[in-house]
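Fold and contact review
In case you want the letters, here they are:
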Amino acid sequence: MNKVGYPRVDINLEKLRHNAKKVNERCLDSGITMTGVIKGASGLPLVAKQYLEGGVKIIGTSRLDQVSDCKKFGIDTTYMLIRIPMLSEVRSVVELTDISLNSEVEVLKALNNEARIQDKQHKVIIMTDLGDLREGFWDKEELVETAVWVDEKLRNLTLAGIGTNVGCYGSILPTTDKLNELIELAEKIEERIGRELEFISGGATSSLMRIWDGDMPKRINHLRLGEGVLLARDLDVIYGYDMSMLHNDAFKIKAEVVEVKKKPSHPVGKVGVDAFGHRPNYVDRGMRDRMLLGIGRVDYGDPGELLPVDEGIEIMGASSDHTIVDIEDASRDFKVGDIVEFDVCYATIVYITSSNNVKINYV
Ligand SMILES: *Cc1c(COP(=O)(O)O)cnc(C)c1O
């Protein structure tokens, strides 16, 4: 019996370190510093540590409690808050982080006020929305005026740069056109304030496409990267980029078989709704061998995002605490107590690393 228990996630720190180092090097070769984003792995301090050991200098996340955990763990570095601060958390933003991404005048005023109280200089990156329709100023004139105002009037804030985010809500790609738009805005601001900005932050993992293609506009000098380091799967699977220099299996789920039986593939009786009030379509494939795993949606979110390592097995569905797997065509036999392994999609990692039911096992 394994002492760690199941279900569990095996996190390979060596692989994470390797990915961080490789991506950081590729960025530096293109004149880009990166923020290592930890939110996708629920901010686990040991994940943050691998970024640093890979040479990354700034750790970023959307949630302040993750920063607090990393600091308590002894990870002493520069921290960037990558979600627009809530007014109600401004004090902790100044206390815990060095840089934040911003898009609201009222929040900037509150940050400045709080930084004065704490006798600190807090750096801000002003976000512009270039079409993805999540955070950032839409009105470009307003963006430039706000940046200049921060620089001239808010004495405890340092205008560190501007940034944008794409590919999150609006599925917009970081094309060279979009990034040049960002640079144009940055240069407008630079002209007004009479100095160069420290950061022109050109997005997240999807912007690595520009580095891989070798057409990243020169003045983009910063990216905020999570998926491309922690999993390094999306650019390959979705866009066909060669990511073979990186590991795409640093996170693996291991779950235990709790039942193995032959059953009909179509439910028997009058069909109503499932555990979630939905009416799924069931395909009748006759009697099939299948197994039940002691892991469910509560632990990983969407069963469609689990990638079985064993060949010939197929996830039929899941309820909160069970996963049903068809093993009729499996390449091996399964019995109760066996362990089944899955690779993951990026969105799954945040669930399995934050579920109380899933043990975390560093390998
Ligand atoms: C989550 C996030 C990132 C990192 O995104 P990845 O696709 O995981 O690289 C970068 N910037 C912002 C503002 C984010 O919210």
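Residues numbered from 1 in each chain as written. Predicted model: local features only at pLDDT ≥ 70, side-chain atom pairs only at ≥ 80, totals over all residues. Heavy atoms only, no water.

This part takes up the packing of aromatic side chains. For the coordinates displayed, the defined rule picks out zero aromatic pairs. Seen from the ring of Trp212, Arg26 lies directly overhead, with NZ or CZ sitting 4.1 Å from the centre. (Phe/Tyr/Trp six-rings, centres within 6.5 Å; stacked < 30°, edge-to-face > 60°. Lys NZ or Arg CZ within 6 Å of the ring centre and 35° of its normal.)

Taken as a whole and assessed by the stated rule, the structure comprises zero disulfides. Of all cysteine sulfurs in the structure, the one in Cys168 sits closest to Cys27, which takes part in no disulfide; the separation is 17 Å. For Cys27, a relative accessible area of 0% corresponds to the buried category. Take Cys345: it sits in no disulfide, and the sulfur closest to it among the cysteines is that of Cys168, at 16 Å. (Disulfide = S-S within 2.5 Å. Buried < 20%, exposed > 50% of the residue type's maximum accessible area, 1.4 Å probe, protein only.)

In this section: the domain arrangement of the protein. When the domains of the protein are assigned, the result is domain 1 (13–237) and domain 2 (251–362). Centre-to-centre, using C-alpha coordinates, domain 1 lies 37 Å away from domain 2. With 14 residues of domain 1 at the interface, the matching set in domain 2 holds 12 residues. Of the roughly 1,100 Å² buried where domain 1 meets domain 2, counting both sides, 70% is carbon and sulfur surface. The interface formed by domain 1 and domain 2 includes zero salt bridges. Secondary-structure elements contributing two or more residues to the side of domain 1 that touches domain 2 are α1 (13–29), α2 (45–53) and α9 (227–230). Taken together, the residues of the side of domain 1 that touches domain 2 sort by class into eight nonpolar, three polar and three charged. (Domains from an automatic or database assignment. Contact = heavy atoms within 4.5 Å. Buried area = accessible area lost by both parts, 1.4 Å probe. Salt bridge = Lys/Arg side-chain N within 4 Å of Asp/Glu carboxyl O. Helix = DSSP H or I, 4+ residues; strand = E, 2+ residues; numbered from the N terminus. Nonpolar A, V, L, I, M, F, W, Y, C, P; charged D, E, K, R; others polar.)

Turning to helix α7 (residues 176–193), a few remarks are in order. Residue pairs three or four apart in sequence face the same way in an α-helix, which turns once every 3.6 residues. For α7, which comprises 18 residues, the first-to-last C-alpha distance of 25 Å matches the rise-based estimate of 26 Å (1.5 Å per residue) to within 8%. Inspection of α7 places Leu179, Leu182, Ile183, Leu185, Ala186, Ile189, Glu190 and Ile193 among the buried residues, and these make up the whole buried set. Along the long axis of α7, the arc covered by the buried residues comes to 160 degrees, so they all point the same way. Structural note: α7 exposes Asp177, Glu184 and Glu191 on the side pointing more than 90 degrees away from its buried face. Note on α7: the residue one or two positions beyond its end, Gly194, has a positive phi of about 75 degrees. (Expected span 1.5 Å × (residues − 1). Arc of directions from axis to C-beta.)

Let us now look at the environment of Leu133. Looking at where Leu133 falls in the secondary structure, it is placed in the loop between β6 (122–128) and α6 (140–153). Sequence-wise, Leu133 and Val144 are 11 residues apart; in three dimensions their C-alpha atoms are separated by 18 Å. If we ignore the near neighbours within four places in the chain, the residues touching Leu133 are Trp138 and Tyr169.

As a further point, take the site of the ligand. Lining the immediate surroundings of the ligand are 14 residues, of which Lys39, Thr205, Arg224, Gly226 and Glu227 lie closest. Within the contact set of the ligand, an oxygen atom lies 2.5 Å away from a side-chain nitrogen or oxygen of Thr205. One of the backbone nitrogen or oxygen atoms of Gly226 is found 2.8 Å away from an oxygen atom of the ligand. Protein burial of the ligand: of its 390 Å² of free accessible surface, 90% is covered by the chains. Per-class residue counts for the shell around the ligand are six nonpolar, three polar and five charged. (Near = heavy atom within 4 Å. Polar contact = N/O pair within 3.5 Å; in protein donor to acceptor, adjacent residues only side chain to side chain. Areas by Shrake-Rupley, 256 points an atom, 1.4 Å probe, with all protein chains shown as cover.)

Before going further, it helps to spend a moment on the environment of Gly296. Mapped onto the elements of the fold, Gly296 is located in the loop between β11 (287–293) and α11 (297–300). Separated by 256 residues in sequence, Gly296 and Gly40 have C-alpha atoms that sit 19 Å apart. Not counting chain neighbours up to four residues away, the residues in contact with Gly296 comprise Ser319, Ser320, Asp321, His322 and Thr323.

What follows concerns the environment of Arg134. One can find Arg134 in the loop between β6 and α6. Taking C-alpha positions, Arg134 is 28 Å from Met243, a pair spaced 109 residues apart along the chain. Look past the residues within four positions of Arg134 in its chain and what remains in contact with it is Asp129, Asn165, Cys168 and Tyr169.

Moving on, we come to the packing of helix α5 (residues 105–117) against α6. The contact between α5 and α6 brings their axes to 12 Å, and the two run at 10 degrees. Between α5 and α6, the crossing angle belongs to the class labelled roughly parallel. Residues Val105, Leu108 and Lys109 of α5 form the contact with α6, whose own contacting residues are Thr146, Trp149 and Val150. (Axes fitted to C-alpha atoms, helices over the stretch in contact; angles between N-to-C directions. Parallel < 35°, antiparallel > 145°, perpendicular 65-115°, else oblique.)

Strand direction decides the pairing type here: strand β3 (residues 58–61) and strand β4 (residues 78–81), joined by four bridges, are parallel. Paired with Thr61 across the two strands is Leu81, which belongs to β4. A crossover connection joins β3 to the parallel β4 through helix α3 (residues 64–72); in handedness this β-α-β unit is right-handed. Inspection of the sheet shows β4 paired to strand β5 (residues 99–102) by two bridges, in the parallel sense. Within the sheet, the bridge partner assigned to Met80 lies in β5 and is Ile99. Each parallel crossover has a hand, and for β4 linked through helix α4 (residues 90–96) to β5 it is right-handed. (Pairing = 2+ DSSP bridges. Right-handed = clockwise from strand over helix to strand, strands pointing away.)

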